[in-house]
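A closer look at the structure
Spelled out from the first residue to the last, the chains are:
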4 protein chains.
Amino acid sequence: MTESAISYLRRSLALPPFHQWLRPELVEADEATGKVTLVLAVRPEFLRDPDRPEVHGGIIAAFIDIAGHAAVAGNVRHGVPTIDLRVDYLRMASGAVLKATAEPVRIGRTIGVVDVRVTDDKDVLVALGRGVFSTRTG
Amino acid sequence: MTESAISYLRRSLALPPFHQWLRPELVEADEATGKVTLVLAVRPEFLRDPDRPEVHGGIIAAFIDIAGHAAVAGNVRHGVPTIDLRVDYLRMASGAVLKATAEPVRIGRTIGVVDVRVTDDKDVLVALGRGVFSTRTG
Amino acid sequence: MTESAISYLRRSLALPPFHQWLRPELVEADEATGKVTLVLAVRPEFLRDPDRPEVHGGIIAAFIDIAGHAAVAGNVRHGVPTIDLRVDYLRMASGAVLKATAEPVRIGRTIGVVDVRVTDDKDVLVALGRGVFSTRTG
Amino acid sequence: MTESAISYLRRSLALPPFHQWLRPELVEADEATGKVTLVLAVRPEFLRDPDRPEVHGGIIAAFIDIAGHAAVAGNVRHGVPTIDLRVDYLRMASGAVLKATAEPVRIGRTIGVVDVRVTDDKDVLVALGRGVFSTRTG
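The following paragraphs examine the structure supplied in this document.

Description of the overall build of chain A
If you tally the helices and strands in chain A, you get three helices and eight strands. In sequence order, the secondary structure elements of chain A are arranged as α-α-β-β-β-β-α-β-β-β-β. A compact globule built from 138 residues should have a C-alpha radius of gyration of about 14 Å, and chain A, at 14 Å, falls within 12% of that. Counting only C-alpha atoms and orienting by the principal axes, one finds that chain A spans roughly 50 × 25 × 25 Å. Looking at the 138 residues of chain A, the share that counts as buried comes to 58%. Entry remark: accessible area of chain A is about 5,600 Å², with carbon and sulfur atoms responsible for 51%.

And the structure:
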């Protein structure tokens, strides 16, 4: 009997020291499609401006990398180094929580391609990401 | 008499709450070309693995965003929201310090395009970034 | 009374000398969402291999650029120079006809961001594109 | 005795039916670095406007794909499908000849990353490209 994708992903999301600071949280994983949903509770140290509640673009890029990785890793059940990552910033991201939905576009023997959407707590799309991850083992 | 690029950039790099956690440091700014060099002292909370000294890809993406922004902002002297960012990860980044060199490719009235190279403390290239930033005012 | 998006786009798609060779054809334009659909009848000179019916990646990139442009131009009713373009190739594209569906993600005063999907004549997704276009006038 | 990179690349550049129409020409290949230089003689059917001598962005994207491919294929001596391609358009490209210089950034067992610069016949940089190609065999 195999471990469920959700428990595998929760366990592997908890390990990286960077994640222990950022604290992305898996809230959903669909084993059929590989789609995963993560949330990020926004803390003051994530902001780009001391006076405005706008999340720094670097935090959004990191969140997209993590969500994209989870969508591929949940499928192949091992770490998948990021080959390249692209982020389009559409609107300033404010609010208490960000949500990233990552969906595999294609998972092959050597690479996986993923689309990521980041929305704020009013469900407004704030950024789009696309990444290529290495699915090769050994 | 205008403020030097280097003092403008040091001041603006210090403001964002996220930077106060990450602590990217400007070490060089060439006013003629707009090229800037930043260093990042690697701390345990930047890592992707509890057992290996490899910097998380999200930290590298954030560092590239910050360096690219500095190369454009140093030129136009105001904040320049990131429009899009692309990162190619070439090798695992280990070592005590990362360096990002960001060079403007073109600075126009509405957008600026920047190339960023990230090297480790052995001067090995670990990642390449390219970003488009909005230079428009008002 | 304004010209419909579809007649504006058909007219502007017909003008470029390169399009007269490639012959992308607009088959649908939704004025509410800005989504456009173009088809491309594959000819032997579009192929990457003399012995296999696979469309060259350069043709696919050009088709994505044209479809993305149409989705923004149909909205603002003027030419919108491409700022940057990204293409992810998912599978070899074979068959007699390719279809590109381009959907604006955000149309602003200075830039527009568009997503493009390219499918073959069996409706299989062969490539994804994303582009940023300059919407500024004058 | 192995075939020189330049004769391998000339032969493989001549094969694709699309190249027979576009006619990119290899003018230099450095076996040590893998850097290749291609030129493209601009013809009327490459233009974006019937009244101005500006090369269509789709042609530039295709030229970048071909140059990037050559820089990797010259190294591994077999076809290397494009995984993804990114193009930043910096200025309108006019003039009789475009030149693309493609330089491998990293060639690994499964992927190769390449940087491409496109200049016009006054040596002005008009576009930048970056691509990831699959170097895997079988």
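Side note on the interface of chain A and chain B
Counting from both sides, the interface comprises 31 residues of chain A and, opposite them, 31 residues of chain B. At the boundary of chain A with chain B, total buried surface from both sides reaches about 2,200 Å², with 65% on carbon and sulfur atoms. On the chain A side of the interface with chain B, the three residues burying the most area are Pro17, Phe18 and Tyr89 of chain A, jointly 23% of the side's total. Applying the counting rule to chain A against chain B returns zero salt bridges. Mapped by element, the contributors of at least two residues to the side of chain A that touches chain B are α2 (17–22), β3 (47–49), α3 (57–76) and β5 (82–89) of chain A. The leading source of residues in the side of chain A that touches chain B is β5 of chain A, at eight residues. For the side of chain A that touches chain B, the per-class residue count stands at 19 nonpolar, five polar and seven charged. Sheet topology places β5 of chain A next to strand β5 (residues 82–89) of chain B; five bridges connect them, and they run antiparallel. Note on β5 of chain B: the bridge partner recorded for valine 87 of chain A is leucine 85 of chain B.

Topic: the packing of aromatic side chains
The final tally for this structure, using the stated rule, is 14 aromatic pairs over all chains. Seen from their ring centres, tryptophan 21 of chain C and phenylalanine 46 of chain C are 5.2 Å apart, and the 65° between their planes marks the pair as edge-to-face. One end of the pair, tryptophan 21 of chain C, is in helix α2 (residues 17–22); the other, phenylalanine 46 of chain C, is in the loop between β2 (36–41) and β3 (47–49), and 25 residues separate them in sequence. Among the aromatic residues, those joined into a cluster by ring pairs are Phe18, Trp21 and Phe46 of chain A together with Phe18, Trp21 and Phe46 of chain B. Of note, arginine 43 of chain A hangs over the ring of tryptophan 21 of chain A, and the distance from its end group to the ring centre comes to 5.4 Å.

Quick look at the side chain of aspartate 88 of chain C
As for its placement among the helices and strands, aspartate 88 of chain C is situated in strand β5 (residues 82–89). For aspartate 88 of chain C, the side chain forms a polar contact with the side chain of arginine 86 of chain A, separated by 2.5 Å. Ignoring any residue separated from it by four or fewer positions in sequence, one finds aspartate 88 of chain C in contact with Arg86, Val113, Arg130 and Val132 of chain A, Val126, Ala127 and Leu128 of chain C together with Ile83 and Asp84 of chain D.

Concerning the relation of the copies chain A and chain B
Turning chain A through 180° and shifting it by 0.0 Å along the axis lays it on chain B, with an RMSD of 0.0 Å. Look at the turn and shift together and you get a two-fold axis relating the two. Minimal C-alpha distance to the rotation axis in chain A is attained by arginine 86 of chain A, lying at 2.2 Å. Interface overlap between copies is the fraction of interface residues in one copy that are interface residues in the other; for chain A against chain B it reaches 100%, indicating a shared surface.

Quick look at the sheet that holds strand β6 (residues 97–107) of chain B
Here 12 strands make up an open sheet; going across it, the order is β1(A)-β2(A)-β6(A)-β7(A)-β8(A)-β5(A)-β5(B)-β8(B)-β7(B)-β6(B)-β2(B)-β1(B) and the pairing antiparallel. Two strands in the sheet have a free side with no partner beyond their single neighbour: β1 (25–29) of chain A together with β1 (24–29) of chain B. Strand-to-strand twist across the sheet, computed as the mean angle between neighbouring axes with direction ignored, equals 20°. Sheet topology places strand β6 (residues 97–107) of chain A next to strand β7 (residues 111–119) of chain A; eight bridges connect them, and they run antiparallel. For alanine 102 of chain A, the partnering residue across the bridge sits in β7 of chain A and is valine 116 of chain A.

What about the relation of the copies chain C and chain A?
Turning chain C through 180° and shifting it by 0.0 Å along the axis lays it on chain A, with an RMSD of 0.0 Å. An overlap of 100% is found between the interface residues of chain C and their copies at the interface of chain A, pointing to a shared contact surface.

Things to note about the interface of chain C and chain A
Counting from both sides, the interface comprises 13 residues of chain C and, opposite them, 13 residues of chain A. Regarding the contact of chain C and chain A, the summed buried area is about 1,200 Å², with carbon and sulfur atoms giving 53% of it. For the interface between chain C and chain A, the tally reads two salt bridges. Measuring nitrogen to oxygen at the nearest pair gives 2.5 Å for the salt bridge that ties aspartate 88 of chain A to arginine 86 of chain C. At the junction of chain C and chain A, the tally comes to four residue pairs in polar contact (both at pLDDT 80 or more). Those elements that provide at least two residues to the side of chain C that touches chain A are β5, β6 (97–107), β7 (111–119) and β8 (125–134) of chain C.

Structural notes on helix α3 (residues 57–76) of chain C
Residues and elements named next belong to chain C. Taking 1.5 Å of rise per residue, 20 residues should cover 28 Å, and α3 covers 29 Å from first to last C-alpha, within 8% of that figure. Within α3, 17 of the 20 residues are buried, which leaves it mostly tucked inside the rest of the structure. Count one or two residues on from α3 and you reach arginine 77, which has phi positive near 60°.

Thoughts on helix α1 (residues 5–14) of chain C
Residues and elements named next belong to chain C. For α1, the set of buried residues is Ala5, Tyr8, Leu9 and Leu13. Buried residues of α1, seen end-on, are gathered within an arc of 125° and therefore sit on one face of the element. Where α1 is buried, its residues contact α2, β1 (24–29), β2 and α3.

Regarding the environment of alanine 127 of chain C
Residue and element names in this part refer to chain C. Relative to the elements of secondary structure, alanine 127 occurs in strand β8. Between the C-alpha atom of alanine 127 and that of glycine 58, which follows or precedes it by 69 residues, the distance is 12 Å. Ignoring sequence-local partners within four residues, the contact set of alanine 127 consists of Ile60, Ile64, Asp88, Tyr89, Leu90, Val116, Arg117 and Val118.

Remarks on the pattern of salt bridges
Under the criterion given, the structure shown has 36 salt bridges over all chains. Between glutamate 31 of chain C and arginine 77 of chain C there is a salt bridge; the shortest N-O distance is 3.6 Å. A residue pair is termed long-range when its members are at least 10 positions apart, and glutamate 31 of chain C in the loop between β1 and β2 and arginine 77 of chain C in the loop between α3 and β5 qualify at 46 residues. Look at glutamate 31 of chain C and you get exposed, because its relative accessible area is 55%. Given a relative accessible area of 29%, arginine 77 of chain C falls into the partly exposed group. Within this structure, Asp84 and Arg86 of chain A, Asp88 of chain B, Asp88 of chain C together with Asp84 and Arg86 of chain D form a network of salt bridges that share partners.

Rules behind the numbers
- Residues numbered from 1 in each chain as written.
- Chains lettered and ligands numbered in written order.
- Predicted model: local features only at pLDDT ≥ 70, side-chain atom pairs only at ≥ 80, totals over all residues.
- Heavy atoms only, no water.
- Helix = DSSP H or I, 4+ residues; strand = E, 2+ residues; numbered from the N terminus.
- Rg over C-alpha atoms; globule rule 2.2 N^0.38 Å.
- Buried < 20%, exposed > 50% of the residue type's maximum accessible area, 1.4 Å probe, protein only.
- Areas by Shrake-Rupley, 256 points an atom, 1.4 Å probe, with all protein chains shown as cover.
- Contact = heavy atoms within 4.5 Å.
- Buried area = accessible area lost by both parts, 1.4 Å probe.
- Salt bridge = Lys/Arg side-chain N within 4 Å of Asp/Glu carboxyl O.
- Nonpolar A, V, L, I, M, F, W, Y, C, P; charged D, E, K, R; others polar.
- Pairing = 2+ DSSP bridges.
- Phe/Tyr/Trp six-rings, centres within 6.5 Å; stacked < 30°, edge-to-face > 60°.
- Lys NZ or Arg CZ within 6 Å of the ring centre and 35° of its normal.
- Polar contact = N/O pair within 3.5 Å; in protein donor to acceptor, adjacent residues only side chain to side chain.
- Least-squares fit on C-alpha atoms with pLDDT ≥ 70 in both.
- Axes fitted to C-alpha atoms, helices over the stretch in contact; angles between N-to-C directions.
- Expected span 1.5 Å × (residues − 1).
- Arc of directions from axis to C-beta.

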